[in-house]
Amino acid sequence: QQLKQVSVLFVDVVGSTAIGQRLTPEDISAVMDGALARFSRIVVAHHGRVLQYAGDGMLAAFGSDAAHEDDVEQAVLAGLAILDEARLLAPALRAQHAVPEFNVRAGIHTGSVLLGAGVDAEGSIRGAAVNLAARMEQSAPPGRLRISHDSFRHVSGLFDVEAQMVSVKGVDAPLRGYLVDKRRPSAFRVPNRGIAGLATPMVGRATELSALLVALAAVADQGSLRSIAVVGEAGLGKSRLVDEFQRALASAASPCWLLLARAQPRTAIHPYKMLHDLLAGPLQISDADPADLARRKLIDGLTPLFEQGPASALPTLPTLHALGQLVGLDFSSSPHLAELLGDEAALRDAGYAAAVQVLRRLASARRAPLVLLLDDLHWADAGSMDFLRHLLDGPRDLPLLAVLLTRPALFETAPQWAAPLPPDQRIDLAPLGAEHSKQLAGLLLQKLADAPAALSSLLIGQAEGNPFYMEELVKMLIDDGVIVADGDAGADGVGDRWQVLPERLGAARLPQTLTGVLQARLDALAPPERLALQQAAIVGPVFSEDALGAIDPAAAQQMQALQRKQLVRRSVSLFGAAREYAFGHHLLHQVSYDTVLREARRQGHGRVGAFWRVRAEVASPQLVDPAACRALAEAHEHGRLADPKDFVGWFDQQFFNFYSAFAGRLLQPLAASVVALAELHFGPQDVETAKALTNLARVALMQSDAASAEPLLHRALALQEQALGEDHPDTARTLAVLGGCYQGRGDMAAAEPLFQRVHDTRCRVLGADHPLTLGTLDALAHILTELGRLAEAEGLCRRLLDARQRSAGPDDPATATAMTSLGEVLVKRGQAAAAEPLIRQALAVQQRALPPEHPDIGLSMWHLAQSLRAQGRADDAEPLARQSLDCWESAFGTEHEWTAWALISLAELRLALGDGDEAAQLAGRALLIYERLFGPSHAQVGITLAVLAGALELRGEPQAAAPLRARARAISAPGSGHTATV
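All of the points below concern the structure found in this document.

**Thoughts on the sheet that holds strand 16 (residues 542-544)**
Inference 1: Strand order in the open sheet formed by three strands is 16-18-17, and the pairing between neighbours is antiparallel. Each edge of the sheet is formed by a strand with only one pairing partner; in this case those strands are strand 16 and strand 17 (568-571). For this sheet, the mean angle separating the axes of adjacent strands, direction not counted, is 35°.
Inference 2: Two strands pair when backbone bridges link them, and strand 17 and strand 18 (residues 580-583) are joined in this way by four bridges, in the antiparallel orientation. Note that in strand 18 the partner of V568 across the bridge is F583.
Inference 3: Together, strand 16, strand 17 and strand 18 form the strand contacts of helix 19 (residues 527-539), whose direction differs from that of strand 18 by roughly 95°.

**So, the environment of D243**
Inference 1: Tracing the sequence through the fold places D243 in helix 7 (residues 238-250).
Inference 2: D243 sits in the partly exposed class, given a relative accessible area of 36%.
Inference 3: Placed 41 residues apart in sequence, D243 and M202 show a C-alpha to C-alpha distance of 9.3 Å.

**Description of the side chain of S905**
Inference 1: In this structure, S905 sits in helix 37 (residues 897-912).
Inference 2: In this structure, S905 is in contact with W862 and Q866, ignoring residues within four places of it in sequence.

**Things to note about the packing of aromatic side chains**
Inference 1: With the rule as written, the count across this model stands at 14 aromatic pairs.
Inference 2: Aromatic side chains F611 and W612 sit 5.2 Å apart centroid to centroid with 85° between the ring planes, which places their arrangement in the edge-to-face category.
Inference 3: When its relative accessible area of 12% is taken as the criterion, F611 is described as buried.
Inference 4: With a relative accessible area of 3%, W612 lands in the buried category.
Inference 5: The structure contains a cluster of three or more aromatic residues connected by ring pairs, namely F647, W650, F651, F655 and Y659.
Inference 6: Here the basic side chain of R570 rests over the ring of Y581, its NZ or CZ set 5.7 Å away from the ring centre.
Inference 7: Sitting over the face of the ring of Y659, R698 holds its NZ or CZ atom 4.8 Å from the ring centroid.

**Examining the packing of helix 23 (residues 598-616) against helix 24 (residues 626-642)**
Inference 1: For the pair helix 23 and helix 24, the least separation of the axes is 8 Å and the interaxial angle reads 155°. Between helix 23 and helix 24, the interaxial angle falls into the category roughly antiparallel. Between helix 23 and helix 24 lies a crossing whose hand is left-handed. Where helix 23 approaches helix 24, its residues R602, H605, G606, V608, G609, W612, R613, R615 and A616 are matched on the opposing element by A628, R630, A631, L632, E634, A635, H638, L641 and A642.
Inference 2: Looking at the contact of helix 23 with helix 24 residue by residue, the classes come out as nine nonpolar, four polar and five charged.

**Some remarks on the sheet that holds strand 12 (residues 400-406)**
Inference 1: If you trace the five strands from one edge of the open sheet to the other, you get 10-11-12-9-13, paired in parallel fashion. Looking at which strands have only one partner, the edges of the open sheet turn out to be strand 10 (257-262) and strand 13 (425-428). Neighbour to neighbour, the strand axes of the sheet diverge by 15° on average, direction disregarded.
Inference 2: As defined by bridge partners, strand 11 (residues 370-375) adjoins strand 12 across five bridges and the pair is classed as parallel. Looking at strand 12, one finds that L374 is bridged to L404.
Inference 3: Sitting on the sheet, helix 8 (residues 273-283) is in contact with strand 10 and strand 11, with an inclination near 130° to strand 10.

**Comments concerning empty space enclosed by the protein**
Inference 1: Evaluated as defined, the whole model comprises four cavities of 30 Å³ or more.
Inference 2: As a volume, the largest cavity reaches approximately 80 Å³.
Inference 3: Lining the largest cavity are M274, L275, L278, L372, L374, L377, S384, M385, F387, L388 and L391.
Inference 4: Residue assignment for the lining of the largest cavity shows that the elements contributing at least two residues are helix 8, strand 11 and helix 12 (382-393).
Inference 5: When residues in the lining of the largest cavity are grouped by element, the largest group, five residues, is from helix 12.
Inference 6: The residue makeup of the lining of the largest cavity, split by class, is 10 nonpolar, one polar and no charged.

**Focus: the pairing of strand 15 (residues 497-500)**
Inference 1: The alternating pattern of strand 15 places W498 and V500 on a buried face and R497 and Q499 on a face that is not buried.
Inference 2: In this sheet, strand 15 lies alongside strand 14 (residues 483-486) in antiparallel orientation, the contact comprising four bridges. Bridge assignment links V484 to a residue of strand 15, and that residue is Q499.

**Considerations on the nonpolar core**
Inference 1: Counting residues in each nonpolar core, the largest one holds 141 residues, and the members touching the most others are F543, L632, F651 and F658.
Inference 2: Here this core gets nine residues from one element, more than from any other, and that element is helix 37.
Inference 3: When residues no more than four places from it in sequence are discounted, the contact partners of L632 are A616, W650, F651, F658, L666, L667 and L670.
Inference 4: Ranked by size, the runner-up nonpolar core spans 56 residues in total, among them A355, V358, L359 and L410.

**Observations regarding the packing of helix 33 (residues 813-828) against helix 35 (residues 855-870)**
Inference 1: Between helix 33 and helix 35, the least distance of the axes is 10 Å, while the angle of their chain directions is 25°. Judged by the inter-axis angle, helix 33 sits roughly parallel to helix 35. Crossing handedness for the pair helix 33 and helix 35: left-handed. Where helix 33 abuts helix 35, its residues T817, T820, E824 and V827 lie against D856, L859, S860, H863, Q866, S867 and A870.
Inference 2: Residue classes in the contact of helix 33 with helix 35 are distributed as three nonpolar, six polar and two charged.

Definitions and cut-offs
Here the residue numbering is sequential within each chain, running from 1 through the sequence in written order. Only residues with pLDDT of at least 70 are given local features in this predicted model, and only at 80 or more are side-chain atom pairs given and counted; all residues enter the totals for whole chains, interfaces and linings. Here the side-chain values reflect all heavy atoms present in the structure, with hydrogen atoms and water set aside. Any two strands with at least two DSSP-identified bridges between them are counted as paired. What counts as a helix is a DSSP run of H or I of at least four residues, what counts as a strand is a run of E of at least two, and both are numbered from the N terminus. Here the axes come from fitting lines to C-alpha atoms, over the contacting stretch only for helices, and the angles between their N-to-C directions go from 0 to 180 degrees. Pairs of residues are marked as contacts when any of their non-hydrogen atoms sit within 4.5 Å. With a 1.4 Å probe rolled over the protein chains alone, any residue whose accessible area is under 20% of its type maximum counts as buried; one over 50% counts as exposed, and the rest are partly exposed. Here the aromatic set is Phe, Tyr and Trp, taking the six-membered ring for Trp, and pairing holds for ring centres within 6.5 Å; pairs whose planes are under 30 degrees apart are stacked, those over 60 apart are edge-to-face, and all others are tilted. Any Lys NZ or Arg CZ that is within 6 Å of a ring centre and within 35 degrees of that ring's normal is treated as a charge sitting over the ring. Orientation is classified from the angle alone, with under 35 degrees giving roughly parallel, over 145 giving roughly antiparallel, 65 to 115 giving roughly perpendicular, and any other angle giving oblique. Each crossing gets its handedness from the near helix: less than a right angle anticlockwise from the far helix is left-handed, clockwise is right-handed. Note on residue categories: nonpolar means Ala, Val, Leu, Ile, Met, Phe, Trp, Tyr, Cys or Pro, charged means Asp, Glu, Lys or Arg, and polar means any other residue, Gly included. A cavity, in this analysis, means grid points on a 1 Å lattice covering only the protein atoms where a 1.4 Å probe fits yet has no way out; a pocket is instead an open set bounded by protein on both sides within 12 Å along at least five of seven lines, and a residue lines either one if it has an atom within 4 Å of a point. Grid points are joined across faces, edges and corners, and a volume is the space filled by probe spheres set on the points. Joining through side-chain atoms within 4.5 Å is the link that ties buried Ala, Val, Leu, Ile, Met, Phe, Trp, Tyr and Cys residues into a set, and such a set is a nonpolar core.

Shown next as structure tokens:
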């Protein structure tokens, strides 16, 4: 059960009894159920919840699941939309069922109710508010919506209304109600903090500040971790409390190391964004930095922490690279991370360990406690919240105080944060009491020589203990000319001497809610300023002049005036020279956005989306950097609102480069959203939906989630085969991804027929020499090699080499790769002497065309070593094998699969040369890598066990070798040669 304030909407079909007399029961059901289903979808679209149906009507609540600032407005919009929907339904019902007139009426009241009570707890709602909402509906004329005065207080000025007195059964005096006609073309509301040119001390929060300082002292004395959640609704003073806390830290004799991060409303789509910001601030990393510079700043900034003090339990570069990759700085080419890129959980664990290690090193370097200030956690991304939980649930021997600022909504959306740990302590901010409200009013009016008592009373009474509300009331009085500011005006444009014009005071509109305050401030803006603020709201809560200029180049000219009025503020620029701004408050952004007409909003999103698209369209995976990732996320946000169908196709075109850059954490929510957009706008059976499903499956495979990927692929394949046929390129692409899914898990027998179908299709549709066709031929040749069908594999390799030579020429790296593949098959067929010149030619081409440490060069060196070894020339083979190992360790790291492959091959050579000691050492390293990557029963593990056993026997340790040989024999490995994972 929940006792909370909600907006209750009643909807009822007018004259349903008369309709029922004309229709059969089946027709009545069709008419009523169809209409109520449409009305229910409108309620859900406006973030409401249908609680009850009553034959010809329904009851819905807004704010019942989670309260939002615009619950009342959404309820009114839903009511109007339902009336519009009923008018649209009427002609069809008249034509299909001979219903002469179909109409509905609606009523809304806002008040306190009890949810989830009684025998029908799931959809029950109790309280006087329900009865009043019903009376509003019953008194409304057909086709009209009536709202109560308590609801009107929240939406005054947003709608055209007609005030009427309504007699309500059980209430002595008539109540004021309002018939709502339509939404006004513009509804203006503005939030912001503080008053320009006026400094006021913190009021009424001394106890809470003392609690923070006491907690910090305890952390310093005990050297242990502690967390405090500061919880309060918007405007109650969370930010001001933290500002005072920071001042106290700065003036302390032993300054602390302070790390700060603030979530934004869109932070949730940026994985680990708050963790990124904690590092980016002190390290001066911005999204405008080139990828190499951002990575260098991270390494250069944090490496000294690991070089001082006690030895780290974690290697420096692997630790920092894992952390950088986790927070989106793209260390995907790092050899230290190669084995983690396909394992999301392993990368997360490594990144978490690295982040905790950094915090420990910071505390050790400063010999003082750390303070984390994390603001607006109710908007934080899930990854950062998960790390925070990991940190707070971990060892407590870290001298750190985490101050967590949030609205109460966090404890509704993430119930685990209401548990005893975390946080250790919770501070709930209540509205200011009467004395503190009077004190704050005096401070806000200090520039008045003699503030009228009526003005102070208005501020105190209307603000109801909310400091933010009180500040906004004063700003509105200044904007409306009730308070005149003159004298020497600074850069903020506000004079140092104020006076009140009594004749205007009585006529001043003083709204009773924050919504009213914000609307009044926006309504007072000059038209160009108002338009610029609306256009900025389309761009987002943080916006650059460049992005705003995509809507209207002249809008930037209004920023100075809007800054003076404290509606926007300068923000840290994320894209070089472009100036960036942020709305003073999230509510200001939201309500400004709500005032933009639908078509203007759609066009604005289209223009801003085009701005971000240009920045997200990279030519290759190597150009994917944090700025491009942000651009892709922003392009998604605007594209889905402007032209969802067009965005679905555009996203498919960009997908490959971001996918190839291992941007899986970014792509996962976006790809899932694109699937939803395709299903909604194209239909669940459409081929565009199938392409989106395939991309989402590829992201799932990148994150080692084959269980989720396979059903997505089967669904996509079924749609494509039915709609496009088996010969369509899109069908072939999905088949190839499904084949790769099977190949990745070692099921070559299942993968082969799929790749064969893909190859045949691409040959027919694209041509035998198309790059996609040749890529499929290469994959098919490798599968046949793994299956031991070497003659067939050789035939495919020769076809591939011939095609590469025709299309790319003999000196192209792609041709060289085909030569090496053919050489590999020839060696396995016992034709090592024939393979050697072919591989040498490939290696020469690669060394001319590719960087010295390119993995393909190492691959050709390794295959050349295999060819020489097969000819009995182990001495000649060994240097090449060592070079391939060096190449792959440099490219992929010491723990990568290819590195293990080189280790075991070099071990075999050392064994052939009679060096059991080094052979055992190399095979042991390879065994650890293979077991961690593939488990104890993989074919590569069996091969490595056999080599290790041979090395031990050569060293005279047959007893140690025997169990290893037994394990190797027990591992069944048909078709699992060394090249299986390459």
